[in-house]
Amino acid sequence: MTDTYLTVHEEAHVTYTTQKSCFIGSAAPCLSEEDALSFIARIRQKYIEASHYCYAYIFNRESPLSRFTDDGEPSGTAGLPILNVLKQKELTNTCAVVTRYYGGIPLGKSGLIRAYTRSCASAADAAGIICMELCEQWECTVPYPMWDRTRRLLETMPVRLEAPVFTENVRFMLCIGQQDTPEVMVRLKDITSGSIQCHQTGVFYAPRDNRNRL
């Protein structure tokens, strides 16, 4: 499992017109092939009268899965250029669809490649490219008298604190970037004089915000 990967942040749509043909580039993050196929189906429904729906998607950079289609355009002029954009931007878990409304003027192979490449790249840029980081989820319990100092420490660290539960102790969930886990655990042990109890409950991917928090 890789520590980080690049993907698009959100769904985006960008329109480009050339020689009376309208190209609508659409990009979205997708966690599975089923997500990608659902996104493609939704685009087909949204632009139901279009001439072509060319797409590519790619998953899992360690054992890559990728698919693309020209959807009736000349071979190699649409789906492959879209996939090449995703690869050049080093994206994964990403699907891009370029919808074309044919305007009656042939663009030729080179013109189609340029149009599909530009539309995909613009959509990916509009969607925003983010780095997803491998994170760990920890369940922690600390004696109630230690809670205030623990909370103050956590506010200074690059972690996400879930809502604590107060009983005779304080139980809370922490989300920590895997690379930060050793330091966070050492500092928690220190500030609670070893009284904190933590165990890992899962792993997931998440982006950091502009404050270096998950």
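Residues numbered from 1 in each chain as written. Predicted model: local features only at pLDDT ≥ 70, side-chain atom pairs only at ≥ 80, totals over all residues. Heavy atoms only, no water.

Colleague: How do you make sense of the state of the cysteines when you look at a structure like this?
Modeller: A full pass over the atoms with the stated rule returns zero disulfides. Free of any disulfide, cysteine 30 has its nearest neighbouring cysteine sulfur in cysteine 95, separated by 5.0 Å. The buried category is assigned to cysteine 30, whose relative accessible area is 3%. Cysteine 175 carries a free sulfur, and the closest cysteine sulfur to it, the one in cysteine 135, is 7.3 Å from it. (Disulfide = S-S within 2.5 Å. Buried < 20%, exposed > 50% of the residue type's maximum accessible area, 1.4 Å probe, protein only.)

Colleague: Sorry, what's going on with the sheet that holds strand 3 (residues 21–29) here?
Modeller: Within a sheet, neighbouring strands are paired by backbone hydrogen bonds and run either parallel or antiparallel to one another. Spatial ordering of the open sheet is given by 2-3-6-4-5, a layout of five strands whose pairing is antiparallel. Every other strand in the sheet has two partners, leaving strand 2 (12–18) and strand 5 (65–69) as the edge strands with one partner each. Taking the axes of each pair of neighbouring strands and ignoring which way they run, one obtains an average angle of 15 degrees across the sheet. Both strand 2 and strand 3 contribute to a ladder of seven bridges, which runs antiparallel. For threonine 18, the partnering residue across the bridge sits in strand 3 and is serine 21. Across the sheet, helix 1 (residues 33–46) is in contact with strand 2, strand 3, strand 4 (52–59), strand 5 and strand 6 (94–101); its angle to strand 4 comes to roughly 160 degrees. (Pairing = 2+ DSSP bridges. Helix = DSSP H or I, 4+ residues; strand = E, 2+ residues; numbered from the N terminus. Axes fitted to C-alpha atoms, helices over the stretch in contact; angles between N-to-C directions. Contact = heavy atoms within 4.5 Å.)

Colleague: Honestly, helix 2 (residues 79–88) in this entry has me stumped. Any pointers?
Modeller: Because an α-helix completes one turn every 3.6 residues, residues spaced three or four positions apart along the sequence face the same direction. Of the positions making up helix 2, those classed as buried are Gly79, Pro81, Ile82, Leu83, Val85 and Leu86. Against strand 4, strand 5, strand 6 and helix 3 (108–127) lie the buried residues of helix 2. Phi for glutamate 90, located one or two positions after helix 2, is positive at around 60 degrees.

Colleague: Teacher, can you tell me more about the packing of helix 2 against helix 3 here?
Modeller: Any two packed helices are characterised by how steeply their axes cross, that is the angle between the axes, and by the distance between the axes. In the contact formed by helix 2 and helix 3, the axes pass within 8 Å of each other and the chain directions differ by 40 degrees. Considering the angle they form, helix 2 stands oblique to helix 3. Crossing of helix 2 over helix 3 shows right-handed handedness. When helix 2 is examined against helix 3, the residues Pro81, Ile82, Val85 and Leu86 are found in contact with a partner set consisting of Ile113, Tyr116, Thr117, Cys120 and Ala121. (Parallel < 35°, antiparallel > 145°, perpendicular 65-115°, else oblique. Left-handed = near helix turned anticlockwise from the far one by under 90°.)

Colleague: I would appreciate a short explanation of the environment of arginine 118 in the present structure.
Modeller: Note on placement: arginine 118 falls in helix 3. Note on arginine 118: relative accessible area 47%, which makes it partly exposed. Sequence-wise, arginine 118 and threonine 77 are 41 residues apart; in three dimensions their C-alpha atoms are separated by 12 Å.

Colleague: Honestly, helix 4 (residues 147–154) in this entry has me stumped. Any pointers?
Modeller: Buried residues of helix 4: Trp147, Thr150, Leu153 and Leu154, and no others. Here the buried residues of helix 4 occupy an arc of 130 degrees about the axis, which is enough to place them on one side. Summarising the contacts, the buried residues of helix 4 are in contact with strand 7 (129–143), strand 8 (159–161), strand 9 (165–166), strand 10 (169–177) and helix 5 (181–191). (Arc of directions from axis to C-beta.)

Colleague: Can you walk me through the packing of aromatic side chains in this structure?
Modeller: How two aromatic rings sit relative to each other is given by the distance of their centres and the angle of their planes. Per the stated rule, a full pass over the model turns up eight aromatic pairs. The interplanar angle of 65 degrees and the centroid separation of 4.9 Å between the aromatic rings of tyrosine 5 and tyrosine 205 together place this pair among those described as edge-to-face. Linking tyrosine 5 in strand 1 (residues 4–8) with tyrosine 205 in strand 11 (residues 197–207), this pair joins segments that are 200 residues apart in sequence. Among the residues examined, tyrosine 5 registers a relative accessible area of 10% and is labelled buried. Note on tyrosine 16 and phenylalanine 23: the rings are 6.3 Å apart at their centroids and 35 degrees apart in plane angle, and the pair reads as tilted. Look at tyrosine 16 and you get buried, because its relative accessible area is 19%. By relative accessible area, phenylalanine 23 is classed as buried at 0%. Each member of the aromatic cluster is reached from another via a ring pair, and the members are Tyr144, Trp147, Phe166 and Phe172. (Phe/Tyr/Trp six-rings, centres within 6.5 Å; stacked < 30°, edge-to-face > 60°.)

In short, shape yes, function no, at least from these values alone.
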